[in-house]
Amino acid sequence: MAKEKILVVDDEEGVRSVAKATLEAAGFHVLTASDGLEGVEIFRARCDEIVAVLLDMTMPRMGGSETLPELLRTKPG
């Protein structure tokens, strides 16, 4: 059985690492992105595989409030 994929988008490496380790321990496959732009790119390429996104709202380059609408345009709901 394939593991469900979760995308973690956060500019702090420590937060990404802890989230990834915790989610993997719970049985998920975790993809990570260091900012909203990278998160949107990964999501567009793999949106059919990703079941959830953990999104930091305050990041440089593209914060969560700009990232979320892009994710929803790619895959509404």
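Everything below is about the structure shown above.
Each chain has its residues counted from 1, following the order in which its sequence is written. Local features in this predicted model are restricted to residues of pLDDT 70 or higher, and side-chain atom pairs are both shown and tallied only at a pLDDT of 80 or more, whereas totals for entire chains, interfaces and linings draw on every residue. Only heavy atoms go into the side-chain values, all of them from the structure, while hydrogens and water stay out.

Caption draft 1: View of the sheet that holds strand β3 (residues 50–55). Two strands pair if DSSP finds at least two bridges between them. Strands here mean DSSP runs of E at least two residues long; helices mean DSSP runs of H or I at least four residues long; both are numbered from the N terminus. Spatial ordering of the open sheet is given by β2-β1-β3, a layout of 3 strands whose pairing is parallel. Each edge of the sheet is formed by a strand with only one pairing partner; in this case those strands are β2 (29–33) and β3. With strand direction ignored, the average angle separating the axes of adjacent strands in the sheet is 20 degrees. In this sheet, β3 lies alongside strand β1 (residues 5–9) in parallel orientation, the contact comprising 5 bridges. Each bridged residue has a counterpart across the sheet, and for Ile6 the counterpart in β3 is Ala52. Whether two residues touch is decided by their heavy atoms; if any such pair falls within 4.5 Å, the residues are in contact. Between N-to-C directions, angles cover 0 to 180 degrees, with each direction set by a line fitted to C-alpha atoms, over the stretch in contact for helices. Where helix α2 (residues 36–46) meets the sheet, its contacts fall on β1, β2 and β3, and the angle it forms with β2 comes to roughly 140 degrees.

Caption draft 2: Summary view of helix α1 (residues 13–25). In a helix, the anticipated span is given by 1.5 Å times the number of residues less one. Between the first and last C-alpha of α1 there are 18 Å, a value that for 13 residues agrees with the 18 Å anticipated at 1.5 Å per step. Only protein chains enter the accessibility calculation, which uses a 1.4 Å probe. A residue is then buried if its area is under 20% of the maximum for its type, exposed if over 50%, and partly exposed in between. By the burial criterion, the buried members of α1 are Arg16, Ala19 and Leu23. Angular distribution of buried residues about the axis of α1 spans 70 degrees; they occupy a single face of the element. Residues of α1 that are exposed and angled more than 90 degrees away from the buried face: Glu13, Val18 and Ala25. Buried residues belonging to α1 abut β1, β2 and β3. The arc in question is traced by the directions running from the helix axis to the C-beta atoms.

Caption draft 3: How the structure looks around the pairing of β2. Bridge count between β1 and β2: 5 bridges; the pairing is parallel. In the sheet register, Ile6 faces β2, and the bridge partner there is Val30. Note on the crossover from β1 through α1 to β2: the handedness is right-handed. Here the term right-handed applies to a crossover when the path leading from its first strand over the helix to its second strand runs clockwise, the strands being oriented away from the viewer.

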